[in-house]
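Chain by chain, the residues run as shown.
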Amino acid sequence: MKLRNSLSLRFMLSMAIIIVVMMTINLLWNVNMSQRQAESEMREKATVIAQQLIAARSFIAVQQDTINSDSNGHYEFKHLNPAAVGKGIGDIFNKASGYKFKQTRPQVRDEENKPDNFEVQFMKELAANRQMTEIYGYDVIDGIKVFRYLVPIYFDESCMPCHGSPAGARDVAGHLKEGYLPGDFSGAISIVFPMTVFEKNMHDTVVTQLLFIIFIVLVTIGVIYMLMEHIVIQPIQALTAKVVKIGHGELSAQMNEIHTYDEMQSLATEFNTMADKLQQLYTGLEEKVAERTRMLIRANLQLATQGRELMAMNEKLSEADRLKSEFLAVMSHELRTPLTAIIAFTEILLAEGETLSSLQREFLADILDSGHQLLNQINDILDMSKIEAGLVRMNDQVVDFHNIVGEVSRTILPLLTRKQIQYSVHIDENVPYVMADADKIKHILSNLLSNAIKFTPEGKKICVTVSVNKPVEALPAVQVAVADDGIGISQEDQQYIFDKFRQVDHAKDREYSGSGLGLALARNLVELHGGTISVASAVGQGSIFTFTIPIRTGRAY
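Residues numbered from 1 in each chain as written. Predicted model: local features only at pLDDT ≥ 70, side-chain atom pairs only at ≥ 80, totals over all residues. Heavy atoms only, no water.

Q: Please set out the overall build of the chain residue by residue, giving values where relevant.
A: Within the chain, the secondary structure is distributed over 13 helices and 11 strands. Split into buried and exposed, the 557 residues of the chain put 32% on the buried side. (Helix = DSSP H or I, 4+ residues; strand = E, 2+ residues; numbered from the N terminus. Buried < 20%, exposed > 50% of the residue type's maximum accessible area, 1.4 Å probe, protein only.)

Next comes the structure, spelled out in structure tokens:
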């Protein structure tokens, strides 16, 4: 079995990491508790030693008269005051125990009792806070880590003969009095414990714990490996071998080697059930495949037949569409010829018929107007047929929109005057010349204006705006907008307003006449130029038809 990247290896590593983490946490906890216990023990020892020395000092202070009197009652100073006795006891104790303690204060009489920096700092804290009964910490002396402990001492009545008033006078020992009062801070008893033994014990504890962790990890890994090998890995390997056989087509493979009462036995049982089902499914698979193949062949034959029928139908539709376009073109041409004659004769009669009555002139004017409307519709049908037949050719030339708008405006002026519609034009100064088909641009604008005039009531406004549109992801274009105060278009009708033969008014007797080709033709002519056309409208609020003509690079002037 390959151990690398195996389930056993990953499981063993996971368990080893968990054990190491838990044992490490336990080790750190034990080390911390040992440090706390050692510190508590050292504080207790230091407290006992300090209290013993304070008791000795107090006893010596109370017995000064007895100590300094001879058998006859004469006073004789024996130099056994509390400070001298404390120093002597400390010297003897330090030699015998290895510990160090002394009585010290900020201003000492004996240089051997002079405080070090650590003691100076601690005495400042003790003097500043009278509530502190002890202070301790850690320090390093001559490369050895030590435990430092100080308890404060204060002057009492027994200290006044040597340290009280008057300040500057000499006491019995020949020292100058300091002028202290009972209760003043006197100094501290300083005790130093070397931590060599504690550190050695701590080191031994850590080493023992580490060795125990290593032992536990190795034992755990060994036990896990054996359990994984016999309970999990071997059954999985057997299952893998059977799966490989099934993958190679041996569907009769069964797992009978596993004899346990755990999940692996359940897995083996389910595997055998799966293998039986696969065998049963495979038995009927060839028949089903053959049946599906026959069905597929029949379906392909049907699709082929339907494809041929669709191709024939498509050819018929294409031919019908071609004949329709040719018919519309021919009929439009044939209708336009007599209609042109009718318009021409009507114009002659109106121009030269001096004997005509006013009613006759009105009839002739109606005939002329209807003839022009019919001619425009026939022209739209003819143009649409040419576009659908692909017979329209673009005649690109330099186009000035000032001229285009001016010519179309002059053409529609009679219609505007008849309906008393207010008409305005706004052309930006930066609108350039473009390469386009001038006649088709005129046709587009004329259709949009005619549509606006048709649906705008008398006395309302129509405005034409020409500007330059510079979109982010497309070529810059000249944008022409035709805005009116007409009846407007609903949202549902706007989706097919540019379709052929479609008008907003669906009634049989329409209020507004027209073939429904004007906007469709305008859209086709705009798209031939590579532009777009759109509408923004609301019922009762008018409409804005906008189309764009791209300013092609290198073709505008």
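Q: Describe a nonpolar patch on the surface, and please don't skip the residues or the numbers.
A: Taken together, the side chains of F212, F215, V219, V223, Y225, M226 and L227 make up a nonpolar region of the molecular surface, amounting to roughly 640 Å² of accessible area. Examined against the element boundaries, M226 turns out to sit in helix 6 (residues 196-247). When its relative accessible area of 48% is taken as the criterion, M226 is described as partly exposed. (Patch = residues over 30% accessible without salt bridge, like charges linked within 9 Å, V, L, I, M, F, W, Y side chains within 5 Å. Areas by Shrake-Rupley, 256 points an atom, 1.4 Å probe, with all protein chains shown as cover. Salt bridge = Lys/Arg side-chain N within 4 Å of Asp/Glu carboxyl O.)

Q: Describe the packing of helix 11 (residues 438-454) against helix 13 (residues 518-528), and please don't skip the residues or the numbers.
A: Axis separation between helix 11 and helix 13 bottoms out at 9 Å; the angle between their running directions is 150°. The angle between the axes of helix 11 and helix 13 places the two elements in the roughly antiparallel class. Note on packing geometry: the crossing formed by helix 11 with helix 13 is left-handed. Facing helix 11, whose interface residues are K440, H443, I444, N447, L448 and N451, helix 13 presents G518, L519, L521, A522, L525 and V526. Looking at the contact of helix 11 with helix 13 residue by residue, the classes come out as 7 nonpolar, 4 polar and 1 charged. (Axes fitted to C-alpha atoms, helices over the stretch in contact; angles between N-to-C directions. Parallel < 35°, antiparallel > 145°, perpendicular 65-115°, else oblique. Left-handed = near helix turned anticlockwise from the far one by under 90°. Contact = heavy atoms within 4.5 Å. Nonpolar A, V, L, I, M, F, W, Y, C, P; charged D, E, K, R; others polar.)

Q: Any details on helix 13? Residues and values, ideally.
A: Here helix 13 has its buried residues at L519, A520, L521, A522, N524, L525 and V526. Positive phi shows up at G530, right after helix 13, with a value of about 85°.

Q: Describe the sheet that holds strand 2 (residues 135-141), and please don't skip the residues or the numbers.
A: Strand order in the open sheet formed by 4 strands is 1-4-3-2, with antiparallel pairing between adjacent strands. The open sheet has two edge strands, strand 1 (100-104) and strand 2, and neither has a second partner. This sheet shows a mean twist of 25° between the axes of neighbouring strands, independent of strand direction. In terms of strand pairing, strand 2 meets strand 3 (residues 144-154) through 7 bridges, oriented antiparallel. The residue bridging D139 from the neighbouring strand is V146, located in strand 3. Packed onto the sheet, helix 4 (residues 117-128) meets strand 1, strand 2, strand 3 and strand 4 (185-194) and runs at close to 35° relative to strand 3. (Pairing = 2+ DSSP bridges.)

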